[in-house]
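# Summary of structural features
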Amino acid sequence: EISLKNRRLEGHIPEEIGFLSFLESMDVSDNHLMGYVPSDLQWTSMTRLDISGNRIKGIVPPLMCMMEELNGNGEDNVFYCDRIACPEGTYNRYGYHHGVGGETCEPCYDESPFIAQKACILTKQPTGNSPKFFEKAENASEEMGLSAGVALGLLIG
C-alpha cells in the first residue's frame with residue numbers, strides 16, 4: 001500500500017511503480033503531481049487508486065479501465081474509466097465515479113485540462129459558447145481518424 005495523500009508532493013508518478021506487482025492500493029490524492037497516468041500501473045494488483053486533486057493530464061490508460069476490482073470496476077461486468085478518474089472537462093467531490101450507482105462525474109466548463117478533479121469553478125455552460133469538452137473530442141477524432149462518437153467515448157471512458 002502506498003498512502004501519500006496531501007503531502008505536497010510535486011513531479012510525476014513514476015512508471016516504475018507499475019513493476020510493484022503486489023501493490024494493491026495507492027492514494028496520492030491532493031498533491032501537486034503532474035504528467036500522465038503511467039500505463040504500467042496495469043501490471044499491479046491494485047484494487048484502489050486515488051489520483052484526484054492533482055494536475056494530471058490525458059486519459060486513464062484503456063487497459064487500466066478493464067482491471068477487475070480497481071475502484072469497483074467489473075462489478076456486474078461493468079467497467080468505466082471514470083471509476084479511476086473523472087475525465088478532463090468533468091469533476092465531482094471524489095475526482096472519480098464513486099461507488100456502484102454512486103456520484104458520477106459532472107460537466108465542468110472552466111477549461112481545466114486535468115483529469116480526476118474534485119472542484120469546478122464554472123459548473124454551468126456560459127451562454128453562447130459551445131463546451132470545450134466536445135470541441136476537444138471532435139479535434140481528437142480528426143487527429144486519430146476516428147468518428148467523433150468513438151473519440152468522445154475514449155475521452156469520457
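Check the entry above for the structure.
Let me begin by describing the structure that accompanies this report. (Residues numbered from 1 in each chain as written. Predicted model: local features only at pLDDT ≥ 70, side-chain atom pairs only at ≥ 80, totals over all residues. Heavy atoms only, no water.)

Another aspect to go through is the environment of Cys105. By the element assignment, Cys105 lies in the loop between β7 (90–91) and β8 (106–107). Using a relative accessible area of 15% as the deciding quantity, one classes Cys105 as buried. In this structure, the C-alpha to C-alpha distance between Cys105 and Ala85, residues 20 residues apart in sequence, is 8.8 Å. Once residues within four sequence positions are removed from consideration, Cys105 is found in contact with Asp82, Cys86, Pro87, Thr90, Tyr91, Asn92, Tyr96 and His97. (Helix = DSSP H or I, 4+ residues; strand = E, 2+ residues; numbered from the N terminus. Buried < 20%, exposed > 50% of the residue type's maximum accessible area, 1.4 Å probe, protein only. Contact = heavy atoms within 4.5 Å.)

Among the nonpolar cores identified, the biggest contains 22 residues, and Ile13, Met26, Leu41, Leu49, Ile51 and Met64 are the most heavily contacted of them. Discounting chain neighbours no more than four positions away, the residues touching Leu41 are Ile17, Gly18, Met26, Met46, Leu49, Met64 and Met67. (Core = buried A, V, L, I, M, F, W, Y, C linked by side-chain atoms within 4.5 Å.)

Before going further, it helps to spend a moment on unusual backbone geometry. Among all residues save glycine, negative phi is the norm, and among peptide bonds the norm is trans. Within the chain, Glu69 stands out as a residue other than glycine whose phi angle is a positive 75 degrees. Structurally, Glu69 is set in the loop between α1 (62–65) and β7. Of note in the backbone geometry, Asn77 takes a positive phi value of approximately 60 degrees without being a glycine. Here Asn77 is to be found in the loop between α1 and β7.

Every disulfide links exactly two cysteines, by a covalent bond between their sulfur atoms. Tallied over the entire structure, the rule returns three disulfides. What pairs with Cys65 in a disulfide is Cys81, and their sulfur atoms sit 1.8 Å apart. Measuring handedness by torsion sign, the sulfur bridge of Cys65 and Cys81 sits at about 110 degrees and is right-handed. With Cys65 in helix α1 and Cys81 in the loop between α1 and β7, this pair connects stretches of sequence that are 16 residues apart. Like Cys81, Cys65 is buried. With its sulfur 1.9 Å from that of its partner, Cys108 forms a disulfide with Cys120. Looking down the S-S bond of the Cys108 and Cys120 bridge, the torsion is 95 degrees, so its handedness is right-handed. Within this pair, whereas Cys108 is found in the loop between β8 and α2 (132–144), its partner Cys120 is found in the loop between β8 and α2, the two being separated by twelve residues in sequence. Both residues of the pair, Cys108 and Cys120, count as buried. (Disulfide = S-S within 2.5 Å.)

With that out of the way, let us pick up the pattern of salt bridges. Scanning the model with the defined rule gives four salt bridges in all. A salt bridge links Asp50 to Arg48; its shortest N-O distance comes to 3.9 Å. For Asp50, a relative accessible area of 6% translates into the label buried. For Glu103, the salt bridge goes to Arg93, with nearest N and O atoms at 2.7 Å. Of this pair, Glu103 sits in the loop between β7 and β8 while Arg93 is found in the loop between β7 and β8, placing the two residues ten residues apart along the sequence. Residue classification places Glu103 among the partly exposed residues on the basis of a relative accessible area of 27%. Shared partners join several salt bridges into a network, and the residues in it are Asp27, Arg48 and Asp50. (Salt bridge = Lys/Arg side-chain N within 4 Å of Asp/Glu carboxyl O.)

Remember that the coordinates give geometry; whether it matters functionally is a separate question.
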